Amino acid sequence: MKLTTWICSAVLIFFGLCASVLALTNFNLLLFFCAGNTVIYRSLLSLTGVAALWLLYWLIAFRPTKYVS
């Protein structure tokens, strides 16, 4: 469970960096890594949605900020 959370967090950080490069330079870094293949590109974008849903579930189910004051 902890490994899955770390992987999902890393995926979202990577996609966030790709999105910031796209916003700042108008160069689609993720599409570059996919070699222009739109099927792989869309598959990776759907992976981002799954990672975000997993982290939302993790935040609701385990409340990691419960003891932070």
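Residues numbered from 1 in each chain as written. Predicted model: local features only at pLDDT ≥ 70, side-chain atom pairs only at ≥ 80, totals over all residues. Heavy atoms only, no water.

Caption draft 1: Local environment of the packing of aromatic side chains. One pass over the full model with this rule turns up six aromatic pairs. With a centroid separation of 5.6 Å and an interplanar angle of 70°, the aromatic rings of Phe 14 and Phe 15 are classed as edge-to-face. Classification of Phe 14 by relative accessible area gives partly exposed; the value is 34%. Residue classification places Phe 15 among the buried positions, given a relative accessible area of 11%. Judged by centre distance (5.6 Å) and plane angle (50°), the ring pair of Phe 27 and Phe 32 falls under tilted. Judged by relative accessible area, Phe 32 falls into the exposed class, the value being 54%. Among the aromatic side chains, those forming a connected cluster through ring pairs are Phe 14, Phe 15, Phe 27, Phe 32 and Phe 33. (Phe/Tyr/Trp six-rings, centres within 6.5 Å; stacked < 30°, edge-to-face > 60°. Buried < 20%, exposed > 50% of the residue type's maximum accessible area, 1.4 Å probe, protein only.)

Caption draft 2: Local environment of unusual backbone geometry. Here the phi dihedral of Asn 26 falls at roughly 60°; this positive angle occurs in a residue that is not glycine. Its location among the elements puts Asn 26 in the loop between helix H1 (2-25) and helix H2 (29-33). Overall, the relative accessible area of 67% leaves Asn 26 in the exposed class. Of note in the backbone geometry, Ala 35 takes a positive phi value of approximately 60° without being a glycine. With respect to the helices, strands and loops of the structure, Ala 35 is situated in the loop between H2 and helix H3 (38-62). With relative accessibility at 73%, the residue Ala 35 sits in the exposed group. (Helix = DSSP H or I, 4+ residues; strand = E, 2+ residues; numbered from the N terminus.)

Caption draft 3: Seen up close, H1. The terminal C-alpha atoms of H1, which comprises 24 residues, lie 35 Å apart, in line with the 34 Å expected from a rise of 1.5 Å per residue. Among all positions of H1, only Thr 5, Cys 8, Val 11, Phe 15 and Cys 18 are buried. Structurally, H1 contributes buried residues whose contacts are with H2 and H3. Remark: Asn 26 follows H1 within two positions and exhibits a positive phi of approximately 60°. (Expected span 1.5 Å × (residues − 1). Contact = heavy atoms within 4.5 Å.)

Keep in mind that these numbers describe shape and distance, not what the molecule does.
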